[in-house]
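Notes for the structure review
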Amino acid sequence: RHHWLKEVDQAPEKSDIRRQKDNYFRELGMVHDELQGLFKDDKLARRSVEPLTREEKRTLEENNQRREDANEALRMYRLLRPDAPPFFEE
């Protein structure tokens, strides 16, 4: 064998940074697994995390549009009749 092979570490230890990184990712994976099972039994909490269906998105957009239309109508009413009492007083 070559004499210079004795001077070189044949199997150096893993670096401390690598060990810390491996521990971090292992812990992160365990936490991720725990969080996935967190909302398994609670339907309301689960729905808040899951994406909306097309029907739910459409309903939400319709409600927002209806609210915007009502606000615009109230602004127009105030512009046309600034001296009129509010609706709840009429």
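Definitions and cut-offs
Residues numbered from 1 in each chain as written. Predicted model: local features only at pLDDT ≥ 70, side-chain atom pairs only at ≥ 80, totals over all residues. Heavy atoms only, no water. Helix = DSSP H or I, 4+ residues; strand = E, 2+ residues; numbered from the N terminus. Buried < 20%, exposed > 50% of the residue type's maximum accessible area, 1.4 Å probe, protein only. Areas by Shrake-Rupley, 256 points an atom, 1.4 Å probe, with all protein chains shown as cover. Phe/Tyr/Trp six-rings, centres within 6.5 Å; stacked < 30°, edge-to-face > 60°. pLDDT = per-residue confidence, 0-100. Patch = residues over 30% accessible without salt bridge, like charges linked within 9 Å, V, L, I, M, F, W, Y side chains within 5 Å. Salt bridge = Lys/Arg side-chain N within 4 Å of Asp/Glu carboxyl O.

Before going further, it helps to examine the overall build of the protein. Looking only at helices and strands, one finds three helices and zero strands in the protein. Reading the helices (α) and strands (β) of the protein from amino to carboxyl end gives α-α-α. When each of the 90 residues of the protein is scored for burial, the buried share is 3%. Accessible surface, the protein as shown: approximately 9,200 Å² in total, 55% of it carbon and sulfur.

Right, let's get into the packing of aromatic side chains. For the structure shown, the criterion picks out one aromatic pair. Between Tyr-24 and Phe-25, the ring centres sit 5.5 Å apart and the planes meet at 65°, which makes this aromatic pair edge-to-face.

Further remarks concern the confidence of the model for the protein. Caution applies to low-pLDDT parts of the model: their predicted coordinates are not meant to be read in detail. Taken over all residues, the pLDDT of the protein has a mean of 84, while the share at 70 or more is 89%. Mean pLDDT values over the elements of the protein span from 76, in helix H2 (residues 43-49), up to 93, in helix H3 (residues 54-80).

It is worth spelling out a nonpolar patch on the surface at this point. A surface patch of nonpolar side chains, amounting to about 450 Å² of accessible area, comprises Val-31, Leu-35, Leu-38, Phe-39 and Val-49. Its place among the elements puts Val-31 in helix H1 (residues 16-36).

To continue, consider the pattern of salt bridges. According to the stated counting rule, one finds five salt bridges in the structure shown. The salt bridge involving Asp-16 is made with Arg-19; its shortest N-O contact spans 3.9 Å. Placement of both Asp-16 and Arg-19 in helix H1 is noted, with a separation of three residues, approximately one turn of the helix. Its relative accessible area of 46% is what places Asp-16 among the partly exposed residues. Between Arg-18 and Asp-22 there is a salt bridge, and its shortest N-O distance comes to 3.5 Å. Within this pair, Arg-18 and its partner Asp-22 are both found in helix H1, separated by four residues, close to a single helical turn. The class for Arg-18 is partly exposed, based on a relative accessible area of 43%. Via salt bridges that share partners, Glu-55, Arg-58 and Glu-62 belong to a single interconnected network.

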